[in-house]
Amino acid sequence: MGLLGLGCVLACGKGPRSSAALWLLLAAVVIQLITWTLGFWHHPEWVPDNPQLDRMAKWFLFIGVAWWLGGSTRATLAIWGLALFGFLLTTLLTGGGGAQWLAGFQGYRIDFDLQNAQHTAMFFGTALLGVLAFSRRLLIPGAWAAARRIIWVAALGMCTSGVAITQTRAVWLAVLLVLPCMAAIYLFWNYSQRHSNSARKVTVALLLGGAIVLSLIGVTFHDGIERRIVKEKETLVELLEGNIDAVPYTSSIGNRVYTWIAAAEWIHERPLIGWGENGRSLVIQETEWLPEYTREHYGHLHNTFLEVFVSYGLMGVGLLAALAWWIGWGTWRAWRGGVMPGDMALFGFSFFIFWVVVNQFEAYLSFWSGVYVHNLIVGGLVTHIWRWQREQCLIRSG
């Protein structure tokens, strides 16, 4: 879908073809070619025989998704809804299905065989934000109100439980940071727009329901949550006190810290252009002071931004920042222009915070799971950005 849509944009998408997304894609290709060429000249034994341009180019598959959605809010909600339904159905039918759900409720960490528990937790966290952001559409009175509310309750229960039983601390942190922001924005928007009494009742119901759900999660999964937090307590204490040398290599947080320190050393040597697409593995395999345990059990840096920095230097980081800025600013303008619904803008804002946080502790954009989620959500936002730009062009020309 992404590749075919990209071809359509290049062939006949006059407006989108000149947008910043295409220029940033071109920049991604050029940056990777520059890094590979200079790496082949400086350290040929550490670079592949041919440049692997898909490393960053695959982040731009959203261009094709946005093209096919054609600026339609209904189509965007439909594809996001299908993605949510497909994911939740997957957890019931594959990877152990019901047995893993039961194991999770008994305190075990589960992943449904989707890469690993961190990636499954990321899916659940993203889904939870969507269920909450679009809750008003499913809870307000109207046609099929009972069915919509049952679906919402079921989805909310599965997503919140999934976030808990996958036991991923980074996702817990991201969700805890995002939820208050969502609640504050939703309350401000709801009451400033003079919504009806029914809308206000829905808001109160959502807040009370959220408090009840969080309380139930705390009671039901108390042992598993406490175990995951206490497990790294000593490591966190040593880090807060600045005793880096006392942090154990065998801990999850400890290994991350040591590989990040090693990454900083490699970045210092080639800060502008990086070490090429194999930079993340070079840091671990070629840093002499890292222990054998780390080299055997870790193959990457568990941080998207550090991996981009090591591989492509400031050029790659600048590209990532420019992409995030363009999407964020475009989303704001599309919402202000009345093209993007408020709940969709809220979801986009919430997902951005969530995405930044979780990518500090796992390099999701280096794996299929992160690429899938990124392009699916960004594609839905960008299709509205292009629609707003098209309408602005029509206004100026008319």
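Up top is the structure these notes are about.
Cut-off values and rules
Residues numbered from 1 in each chain as written. Predicted model: local features only at pLDDT ≥ 70, side-chain atom pairs only at ≥ 80, totals over all residues. Heavy atoms only, no water. Helix = DSSP H or I, 4+ residues; strand = E, 2+ residues; numbered from the N terminus. Buried < 20%, exposed > 50% of the residue type's maximum accessible area, 1.4 Å probe, protein only. Contact = heavy atoms within 4.5 Å. Areas by Shrake-Rupley, 256 points an atom, 1.4 Å probe, with all protein chains shown as cover. Core = buried A, V, L, I, M, F, W, Y, C linked by side-chain atoms within 4.5 Å. Axes fitted to C-alpha atoms, helices over the stretch in contact; angles between N-to-C directions. Parallel < 35°, antiparallel > 145°, perpendicular 65-115°, else oblique. Left-handed = near helix turned anticlockwise from the far one by under 90°. Patch = residues over 30% accessible without salt bridge, like charges linked within 9 Å, V, L, I, M, F, W, Y side chains within 5 Å. Salt bridge = Lys/Arg side-chain N within 4 Å of Asp/Glu carboxyl O. Nonpolar A, V, L, I, M, F, W, Y, C, P; charged D, E, K, R; others polar.

Section: the overall build of the chain
Consideration 1: Summing up its helical and strand segments, the chain has 20 helices and zero strands in all.
Consideration 2: When the 398 residues of the chain are sorted by exposure, 48% land in the buried category.
Consideration 3: Of the contacts formed within the chain by residues at least 6 apart in sequence, a portion of 72% connects residues at least 24 apart.
Consideration 4: Of the roughly 19,300 Å² of accessible surface on the chain, 67% is carried by carbon and sulfur atoms.

Notes on the nonpolar core
Consideration 1: Grouped together as the largest cluster of nonpolar side chains are 80 residues, with contacts concentrated most on Phe60, Phe62, Ile63, Trp80 and Phe354.
Consideration 2: Every residue in contact with Ile63, bar those within four places of it in the chain, is listed here: Leu6, Val9, Ala21, Leu22, Leu25 and Trp386.
Consideration 3: Of all hydrophobic cores here, the second largest spans 15 residues; its members include Ala263, Trp275, Ile284 and Tyr298.

Notes on the packing of helix α18 (residues 304–336) against helix α19 (residues 342–358)
Consideration 1: Where α18 meets α19, the axes come as close as 11 Å, and the angle between the chain directions of the two elements is 165°. One way to sum up the angle between α18 and α19 is to call them roughly antiparallel. Judged by the sense of rotation from one axis to the other, the crossing of α18 with α19 is left-handed. In this structure, α18 contributes Phe305, Ala324, Thr331 and Trp335 to the contact, and α19 contributes Gly342, Ala345, Phe352 and Val356.

Section: a nonpolar patch on the surface
Consideration 1: A surface patch of nonpolar side chains, amounting to about 450 Å² of accessible area, comprises Trp23, Leu26, Val30, Ile34 and Leu38.
Consideration 2: Following the sequence through the fold, Leu26 ends up in helix α3 (residues 20–42).
Consideration 3: Overall, Leu26 belongs to the partly exposed group, its relative accessible area being 46%.

Focus on unusual backbone geometry
Consideration 1: The phi dihedral of Trp144 falls on the positive side, at around 60°, and the residue is not glycine.
Consideration 2: Tracing the sequence through the fold places Trp144 in the loop between α9 (135–139) and α10 (145–165).
Consideration 3: By relative accessible area, which is 71% here, Trp144 ends up exposed.
Consideration 4: Here His302, not a glycine, exhibits a phi torsion of approximately 55°, which is positive.
Consideration 5: Position of His302 relative to the elements: it lies in the loop between α17 (292–297) and α18.
Consideration 6: Given a relative accessible area of 8%, His302 falls into the buried group.

Some points on the packing of helix α8 (residues 117–133) against helix α20 (residues 368–397)
Consideration 1: Running from N to C, α8 and α20 point in directions that differ by 15°, and their axes come no closer than 10 Å. In terms of axis orientation, α8 runs roughly parallel to α20. For the element pair α8 and α20, the recorded crossing hand is left-handed. Contacts from His119, Met122, Phe123 and Thr126 of α8 reach α20 at Trp368, Ser369, Gly370, Tyr372, Val373 and Ile377.
Consideration 2: For the contact of α8 with α20, the class distribution of residues is six nonpolar, four polar and no charged.

A few points about the pattern of salt bridges
Consideration 1: Taken as a whole and assessed by the stated rule, the structure comprises three salt bridges.
Consideration 2: One salt bridge in this structure joins Glu307 and Arg280, with 3.3 Å as the shortest N-O distance. One end of the pair, Glu307, is in helix α18; the other, Arg280, is in helix α16 (residues 279–286), with 27 residues separating them in the sequence.
Consideration 3: Residue class for Arg280 comes out partly exposed when judged on its relative accessible area of 21%.
Consideration 4: Residue Glu391 pairs with Arg387 through a salt bridge whose shortest N-O separation is 3.6 Å. Of this pair, Glu391 and Arg387 both sit in helix α20, four residues apart, which is roughly one turn of the helix.
Consideration 5: In this structure Glu391 comes out as partly exposed when scored by relative accessible area, which is 33%.
Consideration 6: When its relative accessible area of 22% is taken as the criterion, Arg387 is described as partly exposed.

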